[in-house]
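Summary of the model geometry
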Amino acid sequence: MASAITTLAADAPTLSAANTGFMLICSALVMLMTPGLAFFYGGMVRVKSSLNMLMMSFISLGIVTILWVLYGFSLAFGTDSGSLIGWSSDYVGLSGIGITELWDGYTIPVYVFAAFQLMFAVITPALISGALADRVKFSAWALFSALWVTVVYFPVAHWVWGAGGWLFELGVIDFAGGTAVHINAGAAALGVILVIGKRVGFKRDPMRPHSLPLVMLGAGLLWFGWFGFNAGSWLGNDDGVGAVMFVNTQVATAAAMLAWLAYEKLRHGSFTTLGAASGAVAGLVAITPSGGSCSPLGAIAIGAIAGLVCAMAVGLKYKFGYDDSLDVVGVHLVGGVIGSLLVGFFATGGVQSDAAGLFYGGGLEQLGKQAIGVFSVLAYSLVVSAVLAFLLDKTIGMRVTEDDEVSGIDQVEHAETAYDFSGAGGGASSRSTASHTPAAAASKKVDA
């Protein structure tokens with residue numbers, strides 16, 4: 001008996017300084033993705049809405065962080081209850097966790113795992129905001145975000161990643177968030193926009209991005225941070241799986257960007273910077289659930305398929321009449337579905353698990369599991385998000401007035417404008433006559 005106890009003690013994980021440091025860096029990278037998303041979205045809207053778009057992402061860092069500490073981590077990763085939700089009193093307020101207590105089965109502290117998963121929880125509601133540009137009250141958005149993470153994100157995270165969660169136990173593969181993050185956010189976006197309706201001037205007025213350099217900056221920050229998002233999701237560096245995921249993240253993103261640009265050139269005659277940025281994000285989305293189970297060649301195929309299909313999907317809003325302002329449905333929902341389902345085809349059975357897809361002799365079993373995960377999360381998030389939006393719209397109101405939307409939501413909701421040209425003329429004499437100059441008139445038109 002003594003020797004058996006000694007063997008068990010020797011086999012028990014011990015804190016790894018290397019893995020702990022790596023995961024703290026990955027957590028910081030994932031945190032950077034939310035400001036990156038803010039720039040990406042902020043550049044895509046008209047100038048009069050850019051600050052509001054930045055704030056709709058940035059506020060998530062405040063709201064979700066506090067809720068995660070108070071009860072979110074417990075709901076998502078606490079002791080399972082009925083395969084639907086978790087709860088552990090030690091995780092409430094993160095008050096009952098020892099500083100060197102390890103996450104079960106791993107070599108990193110619980111605090112590090114909680115911090116890493118917090119950053120996933122932060123960016124997911126921020127993703128939704130891109131579909132709602134120009135027209136949602138900031139106070140209503142903040143309340144929606146708090147309610148949504150509580151009744152949608154925290155339970156779904158438990159289903160997918162929590163020990164005992166029903167999708168986890170079923171064997172659904174979601175390496176870093178194709179279902180829990182991207183399908184979840186994309187379906188929520190669709191549910192909300194079906195409730196709140198279209199922007200004033202949708203399909204009539206030009207609604208072009210006001211700053212493509214900001215879009216490219218945001219896309220670059222997302223691409224950079226996504227290495228932490230994806231490679232970090234293996235929670236360590238001991239067996240090489242995280243390294244495979246890192247490589248697959250890069251190659252799938254590159255393939256998706258090229259596929260989107262090729263489609264754009266053939267369909268519209270131009271290679272656009274917006275297309276390059278959007279294609280890259282589509283590849284990042286698609287490889288997120290699948291990159292830990294496929295080879296680099298499989299990642300290229302997944303990225304190319306996602307880039308092409310998402311480029312085609314963003315036009316569906318004009319055909320079906322739903323106003324997805326910044327293509328959250330077309331990129332995140334569609335890309336997440338593609339990446340999650342393609343696990344059932346491209347899983348090699350030799351990376352994160354022995355589950356093999358159709359192209360590697362595994363038959364249709366894994367594809368069936370992936371489909372269950374995809375459509376259950378999609379349906380739950382779509383319906384609950386629409387109900388939340390409906391209740392808020394009927395109580396406090398979700399939308400600003402039509403006049404406020406036309407004049408500019410930045411000034412109405414935040415009392416600021418993104419670009420202040422009032423001091424561009426310089427000295428006192430130029431200030432005294434500024435209102436009569438052509439430059440000042442142009443500035444006023446830009447602010448409007």
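Residues numbered from 1 in each chain as written. Predicted model: local features only at pLDDT ≥ 70, side-chain atom pairs only at ≥ 80, totals over all residues. Heavy atoms only, no water.

Details of the overall build of the protein chain
Counting its secondary structure elements, the protein chain contains 18 helices and two strands. Relative to a compact globule of 448 residues, whose C-alpha radius of gyration would be 22 Å, the protein chain shows 23 Å and is just as compact. When the backbone C-alpha atoms are referred to their principal axes, the protein chain occupies close to 90 × 50 × 45 Å. By residue count, 53% of the 448 residues in the protein chain fall in the buried class. When contacts within the protein chain are restricted to residue pairs at least 6 apart in sequence, those whose partners lie at least 24 apart make up 76%. Of the roughly 18000 Å² of accessible surface on the protein chain, 68% is carried by carbon and sulfur atoms. With 19 positive and 27 negative side-chain charges, the protein chain shows a separation of 18 Å between the mean positions of the two kinds. (Helix = DSSP H or I, 4+ residues; strand = E, 2+ residues; numbered from the N terminus. Rg over C-alpha atoms; globule rule 2.2 N^0.38 Å. Buried < 20%, exposed > 50% of the residue type's maximum accessible area, 1.4 Å probe, protein only. Contact = heavy atoms within 4.5 Å. Areas by Shrake-Rupley, 256 points an atom, 1.4 Å probe, with all protein chains shown as cover. Lys, Arg positive; Asp, Glu negative; His and termini not counted. Charge placed at Lys NZ, Arg CZ, Asp CG, Glu CD.)

Details of the packing of helix H2 (residues 17-44) against helix H3 (residues 50-77)
The contact between H2 and H3 brings their axes to 8 Å, and the two run at 165°. Between H2 and H3, the angle is such that the two are roughly antiparallel. Where H2 crosses over H3, the two elements pack in a sense that is right-handed. Side by side, H2 and H3 meet where Met31, Thr34, Pro35, Leu37, Ala38, Phe39, Tyr41 and Gly42 of the first sit next to Ser50, Met53, Leu54, Ser57, Phe58 and Leu61 of the second. (Axes fitted to C-alpha atoms, helices over the stretch in contact; angles between N-to-C directions. Parallel < 35°, antiparallel > 145°, perpendicular 65-115°, else oblique. Left-handed = near helix turned anticlockwise from the far one by under 90°.)

Observations concerning the packing of aromatic side chains
With the rule as written, the count across this model stands at 26 aromatic pairs. Taken together, a centroid distance of 6.3 Å and an interplanar angle of 75° make the contact between tryptophan 68 and phenylalanine 77 edge-to-face. Each member of the pair, tryptophan 68 as well as phenylalanine 77, carries the same accessibility label: buried. Judged by centre distance (5.9 Å) and plane angle (40°), the rings of phenylalanine 73 and phenylalanine 77 are tilted. (Phe/Tyr/Trp six-rings, centres within 6.5 Å; stacked < 30°, edge-to-face > 60°.)

Re helix H8 (residues 212-231)
Compared with an ideal rise of 1.5 Å per residue, which puts 20 residues at 28 Å, H8 spans 29 Å between its outermost C-alpha atoms and is within 8% of the ideal. Maximum bend of H8: about 30°, positioned at glycine 225. (Expected span 1.5 Å × (residues − 1). Bend = angle between axes of the 7 residues up to and from the residue.)

Things to note about the packing of helix H9 (residues 241-268) against helix H10 (residues 273-290)
Where H9 meets H10, the closest approach of the two axes is 7 Å, and the angle between their N-to-C directions is 140°. In terms of orientation, H9 and H10 fall into the oblique class. Judged by the sense of rotation from one axis to the other, the crossing of H9 with H10 is right-handed. Of the residues in H10, those in contact with Met245, Asn248, Thr249, Ala252, Thr253, Ala256, Met257, Trp260, Leu261 and Glu264 of H9 are Gly275, Ala276, Ser278, Gly279, Ala280, Ala282, Gly283, Leu284, Ile287 and Thr288. When the residues that make up the contact of H9 with H10 are grouped by side-chain class, the tally is 11 nonpolar, eight polar and one charged. (Nonpolar A, V, L, I, M, F, W, Y, C, P; charged D, E, K, R; others polar.)

Things to note about the confidence of the model for the protein chain
In the predicted model, the protein chain carries a mean pLDDT of 92, and 92% of its residues have values of at least 70. Segment residues 1-9: pLDDT under 50, and zero contacts once partners within four positions in sequence are set aside and those in other chains are kept. pLDDT under 50 marks residues 427-448. Its contacts with residues more than four places away, or in other chains, come to 14 contacts. (pLDDT = per-residue confidence, 0-100.)

Comments concerning the environment of glutamate 101
When you line up the elements, glutamate 101 lands in the loop between strand S2 (85-86) and helix H4 (110-129). The class of glutamate 101 is partly exposed, set by a relative accessible area of 35%. C-alpha of glutamate 101 to C-alpha of leucine 15: the two residues are 86 residues apart in sequence and 8.5 Å apart in space. Residues within four places of glutamate 101 in sequence aside, it is in contact with Gly96, Ile108, Pro109 and Val110.

Some thoughts on empty space enclosed by the protein
By the definition in use, this model includes one cavity of 30 Å³ or more. As for the largest cavity, its lining consists of Phe40, Tyr41, Met44, Ser278, Leu326, Asp327, Val328, Val331 and His332. Within the residue set of the lining of the largest cavity, elements represented by two or more residues are H2 and helix H13 (328-346). Its residues placed into classes, the lining of the largest cavity shows six nonpolar, two polar and one charged. (1 Å grid on protein atoms, 1.4 Å probe; cavity = no way out; pocket = protein on both sides within 12 Å on 5 of 7 lines; lining within 4 Å. Points joined across faces, edges and corners; volume = space filled by probe spheres on them.)

Quick word on the state of the cysteines
Considering all chains together, one arrives at zero disulfides under this definition. Cysteine 310 supplies the cysteine sulfur nearest to cysteine 294, a cysteine that is in no disulfide, at a spacing of 16 Å. (Disulfide = S-S within 2.5 Å.)

Examining the environment of valine 314
Along the chain, valine 314 turns up in the loop between helix H11 (296-313) and helix H12 (316-320). Between the C-alpha atoms of valine 314 and glycine 344, which are 30 residues apart in sequence, the distance is 25 Å. Apart from residues lying up to four places away in sequence, valine 314 is in contact with Trp260, Asp327, Gly330 and Val331.

Here we look at the nonpolar core
Of all hydrophobic cores here, the largest spans 120 residues; its most connected members are Phe40, Phe73, Leu132 and Tyr153. Among the elements that take part in this core, helix H5 (residues 138-161) stands out by supplying 16 residues, more than any other. Leave out the neighbours within four places in its chain, and phenylalanine 73 touches Trp68, Gly78, Tyr91, Leu94, Ile97, Trp103, Val110, Phe113 and Ala114. (Core = buried A, V, L, I, M, F, W, Y, C linked by side-chain atoms within 4.5 Å.)

With respect to the side chain of serine 325
Position of serine 325 among the secondary structure elements: in the loop between H12 and H13. At a separation of 3.1 Å, a polar atom in the side chain of serine 325 contacts the main-chain carbonyl oxygen of alanine 131. Filtering out sequence-adjacent residues up to four positions away, serine 325 remains in contact with Gly130, Ala131, Leu132, Ala133, Arg135, Arg199 and Lys317. (Polar contact = N/O pair within 3.5 Å; in protein donor to acceptor, adjacent residues only side chain to side chain.)

Points about the side chain of serine 381
Following the sequence through the fold, serine 381 ends up in helix H14 (residues 365-395). Separated by 3.5 Å, the side chain of serine 381 and the backbone nitrogen of alanine 188 make a polar contact. Leaving out residues up to four positions away in the same chain, serine 381 has contacts with Trp148, Val152, Asn184, Ala187 and Ala188.

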